[in-house]
2 protein chains.
Amino acid sequence: MQIAIPLFDGFTALDAVGPYEVLSRLPGAQVKFVAAEPGPKVTETHSLTMVAEHSLDDLPGPDILMVPGGFGTRDLLDDEQHLEWLRNAHEHTIWTTSVCTGSLLLGAAGILRGLKATTHWAVIDRLASYGAIPTNERVVEQGKVVTAAGVSSGIDMALRLAERIAGEDFAKGIQLGIEYDPQPPFDAGSPRTAPPHLVEALKGLIEQAEVNAQAAR
Amino acid sequence: MQIAIPLFDGFTALDAVGPYEVLSRLPGAQVKFVAAEPGPKVTETHSLTMVAEHSLDDLPGPDILMVPGGFGTRDLLDDEQHLEWLRNAHEHTIWTTSVCTGSLLLGAAGILRGLKATTHWAVIDRLASYGAIPTNERVVEQGKVVTAAGVSSGIDMALRLAERIAGEDFAKGIQLGIEYDPQPPFDAGSPRTAPPHLVEALKGLIEQAEVNAQAAR
């Protein structure tokens, strides 16, 4: 079972590594990190480098496609080579998935048209511009297309996928293996529960970061 | 604020990336991935490569030390150069932390003597051999030494640390930024809640993997 995770400069590490840590434990899993140009890819904080060992051409037909997000997605939204690879891969997949703003890439590739989908809460309205139906849930399943909310949600998404692929017992075993018994110190991980001033402040910061990134292009 | 995360072949990616994703968002954070020999380090699944850009010598006195786990820790338990670096770094730190079997390395370095500590549930008894007091909690704080349980627990640990360092509001902002509103599909992330047959099976698998790793050395 080939699992392709595309990397690009400016991706968010946990978007990729959460699902990787779950999906790599499935029977027969072969996780491959891919990029248009293989090699080191730097996260959006610039302090971590992960390596895409394979080219997009090496994996034209993965069984699972798992697209991470990050500010770097914005540079790819009009990258026709990348979008075409996503479209072609999606034709072959058993599951097409994303975490955080990875769903904007699926959207730009036309994969979300008419489907409910989610992304990071701060940019969820943007999904509508791709013909998707923005849906405030942590994991949104629409046939074989599964989108997850921001950053850490990929762990929950991948465990659900593990259940579909290998059964409930196996998925529970993976959860136990990564000791995923979350005990966040606060109930502040969603705009529904976080203090409103933090929601506003963060939304402003993210919008500003987007403007800055746009100006730097 | 320098944050050193040592990498080594056979580390567990989420052990490192969970805390990285939280701590890198702290004001003035400079996360540095370090190794005795800088360069690409392969995770225990062999399917993901992350790069240690800095040598241990580059960061003799980090403010935060964050040691990830993974089967690769076993090769370092008697690596005097690595243990000596941990001991020296610990003398300078404001916080000395670990995720999963990273605490075995802290233990081997003599840092946990007389302290309560935790690690992955399947190997927690081993902490006693380093003079630590094995403690079944997700995050164990003992002065400036903070150990976390298996793999995914580093996110919870790092959010607690973020609160100590930057205050509750800032920590909540980070939690909201990474949308950490966990919704695991099962209540199976701890040996207390998982089906007993899975606990036994996984413990057997992990013991066997250790034996195999020992034989391969």
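Since the structure is predicted, the reported quantities are computational estimates derived from the model, not experimental observations. (Residues numbered from 1 in each chain as written. Chains lettered and ligands numbered in written order. Predicted model: local features only at pLDDT ≥ 70, side-chain atom pairs only at ≥ 80, totals over all residues. Heavy atoms only, no water.)

Engineer: Mind showing me how you'd approach the side chain of S98(A) here?
Structural biologist: Residue and element names in this part refer to chain A. Mapped onto the fold, S98 is located in strand β7 (residues 95–99). Take S98: its relative accessible area is 0%, and that puts it in the buried class. Every residue in contact with S98, bar those within four places of it in the chain, is listed here: M66, V67, S103, L106, V146, T147, A148 and M157. (Helix = DSSP H or I, 4+ residues; strand = E, 2+ residues; numbered from the N terminus. Buried < 20%, exposed > 50% of the residue type's maximum accessible area, 1.4 Å probe, protein only. Contact = heavy atoms within 4.5 Å.)

Engineer: I would appreciate a short explanation of the environment of A201(A) in the present structure.
Structural biologist: For A201(A), the position within the fold is in helix α7 (residues 196–216). Classification of A201(A) as partly exposed rests on a relative accessible area of 41%.

Engineer: What is the right way to look at the interface of chain B and chain A in this model?
Structural biologist: A common measure of how large an interface is: the accessible area buried when the components associate. Facing 60 residues of chain B, the contacting portion of chain A comprises 60 residues. Contact with chain A buries area across many residues of chain B, yet L176(B), E179(B) and F186(B) alone supply 15% of it, more than any other trio. The interface formed by chain B and chain A includes two salt bridges. Residues E44(B) and R25(A) are paired through a salt bridge, measuring 3.8 Å at the closest nitrogen-oxygen approach. Joining chain B to chain A, the criterion identifies 36 residue pairs in polar contact (both at pLDDT 80 or more). Contributing elements (two or more residues each) for the side of chain B that touches chain A: α1 (13–23), β2 (30–35), β4 (49–52), α5 (153–166), α6 (168–177) and α7 (196–216) of chain B. In terms of residue count, α6(B) provides more of the side of chain B that touches chain A than any other element does, eight residues in total. Per-class residue counts for the side of chain B that touches chain A are 29 nonpolar, 17 polar and 14 charged. (Buried area = accessible area lost by both parts, 1.4 Å probe. Salt bridge = Lys/Arg side-chain N within 4 Å of Asp/Glu carboxyl O. Polar contact = N/O pair within 3.5 Å; in protein donor to acceptor, adjacent residues only side chain to side chain. Nonpolar A, V, L, I, M, F, W, Y, C, P; charged D, E, K, R; others polar.)

Engineer: How do you make sense of the relation of the copies chain B and chain A when you look at a structure like this?
Structural biologist: Both copies of the chain are tied together by a single rotation about an axis and a shift running along it. For the pair chain B and chain A, the superposition axis carries a translation of 0.0 Å, the fit reaches an RMSD of 0.0 Å, and the rotation angle comes to 180°. Look at the turn and shift together and you get a two-fold axis relating the two. When each C-alpha of chain B is compared by its distance to the rotation axis, M50(B) comes out closest, at 2.2 Å. Looking at the interface residues of chain B, 100% of them are also at the interface in chain A, so both copies use one shared face. (Least-squares fit on C-alpha atoms with pLDDT ≥ 70 in both.)

Engineer: Would you explain α6(B) in this entry?
Structural biologist: One full turn of an α-helix is made of 3.6 residues, so residues set three or four places apart face in the same direction. In terms of burial, α6(B) is largely enclosed, as seven of its 10 residues are buried. The inward-facing, buried residues of α6(B) abut α7 of chain A together with α1 and α5 of chain B. Phi turns positive, to about 40°, at E179(B), one or two residues after α6(B).

Engineer: For this particular structure, what's the right way to read the environment of L76(B)?
Structural biologist: Residue and element names in this part refer to chain B. When you line up the elements, L76 lands in helix α2 (residues 73–76). As a C-alpha pair, L76 and E210 span 134 residues in sequence and 14 Å in three-dimensional space. Those residues in contact with L76 that sit more than four places away from it in its chain are F8, H82, L83 and L105.

Engineer: Sorry if this is basic, but what is going on with the pairing of β2(B) here?
Structural biologist: On any regular strand, side chains alternate: one points to one face of the sheet, the next to the other face. All names here are of chain B. Across the six residues of β2, five count as buried, placing the element largely inside the fold. Here strand β1 (residues 2–6) runs beside β2; their pairing, made up of five bridges, is parallel. Following the sheet pairing, I5 is matched in β2 by F33. Once you follow β1 into α1 and on to β2, the crossover reads as right-handed. When β2 meets strand β5 (residues 54–55), the two strands line up parallel, connected through two bridges. Each residue of the ladder has a partner; that of V34, found in β5, is H54. (Pairing = 2+ DSSP bridges. Right-handed = clockwise from strand over helix to strand, strands pointing away.)

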